[in-house]
Amino acid sequence: MQSEIVDTPAGDARITWHPPKKETAARLVLAVSHGAGGGIEARDLQALAAALPALGVSVALVEQPWRVAGKKLAPAPKTLDTGWRALWPALAERGLPVVAGGRSAGARVACRTARELGAHAVLALSFPLHPPGRPEKSRADELLGAGVPTLVVQGGNDPFGKPAEFPAGVPDESSDGGYELLEVPYGNHSFAIPKRATITQEEAMTVLTDGVGKWIGSQSSR
């Protein structure tokens, strides 16, 4: 694990790298950022950083400038996009395909900027399809407009959008609204599993890491 600070117009961002044991074994980079209410300590980001390097994926956990600066509230989406664009060269400098990803607000950033930055694909964790209780405020256009193959990983009980609420997409590698959806049963917006569930928290994270690992494998062969 190694960290680097990247200067952006929005302030200093930080990338924490989790490469394969043999750096030369990396086939692609998965760059994932956090949401508006937390950092890279999120359980899904940490699970991916622990599991995917063994599959030849160099995982880059990205902290947006507001988080590095110790602020409690995320800035406007435009500022988040500015920071992400500015740190992209540091993610791409290894010459490997880069899958842009993030959870919640970070997923929105990845979708909004994927096409212009030349992202190989997008991983959207807990995509906030709408504010809780406000399904009419849909953000589906951001997801469908990513323009590259996309995997959405969504908790079965996510108040920001349950899997059944997502619009019909093209379940293949089409660049025109195509995305796949992986459900983590019982999971909420942070993929927390209630005690009454028939699966454990550890099993839920295995669903997530196995599903993402399989999908990442299909992207690295494109």
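Undergrad: Any chance you could break down the packing of aromatic side chains for me, citing the residues and the numbers?
TA: Counted by the stated rule, this structure contains 2 aromatic pairs. Its end group placed over the ring of Trp17, Arg94 keeps NZ or CZ at 3.6 Å from the ring centre.

Undergrad: Account for unusual backbone geometry, naming residues and giving values.
TA: Not every positive phi belongs to a glycine, and Ser104 is a case in point at roughly 55°. Tracing the backbone through its elements, the reader meets Ser104 in the loop between β5 (98-103) and α4 (105-117). Given a relative accessible area of 11%, Ser104 falls into the buried group. Within the chain, Phe191 stands out as a residue other than glycine whose phi angle is a positive 65°. Within the fold, Phe191 resides in the loop between β8 (179-184) and α6 (201-220).

Undergrad: Kindly report on the pattern of salt bridges, identifying the contributing residues and their values.
TA: All told, the structure shown has 8 salt bridges when counted by the stated rule. One salt bridge in this structure joins Asp44 and Arg103, with 2.6 Å as the shortest N-O distance. Remark: Arg103 occurs in strand β5 and Asp44 occurs in helix α1 (residues 43-51); sequence separation between them is 59 residues. Of the residues examined, Arg103 reaches a relative accessible area of 7% and is grouped as buried. For Arg112, the salt bridge is made with Asp81, and the minimal N-O distance between the two is 2.9 Å.

Rules of the game
- Residues numbered from 1 in each chain as written.
- Predicted model: local features only at pLDDT ≥ 70, side-chain atom pairs only at ≥ 80, totals over all residues.
- Heavy atoms only, no water.
- Phe/Tyr/Trp six-rings, centres within 6.5 Å; stacked < 30°, edge-to-face > 60°.
- Lys NZ or Arg CZ within 6 Å of the ring centre and 35° of its normal.
- Helix = DSSP H or I, 4+ residues; strand = E, 2+ residues; numbered from the N terminus.
- Buried < 20%, exposed > 50% of the residue type's maximum accessible area, 1.4 Å probe, protein only.
- Salt bridge = Lys/Arg side-chain N within 4 Å of Asp/Glu carboxyl O.

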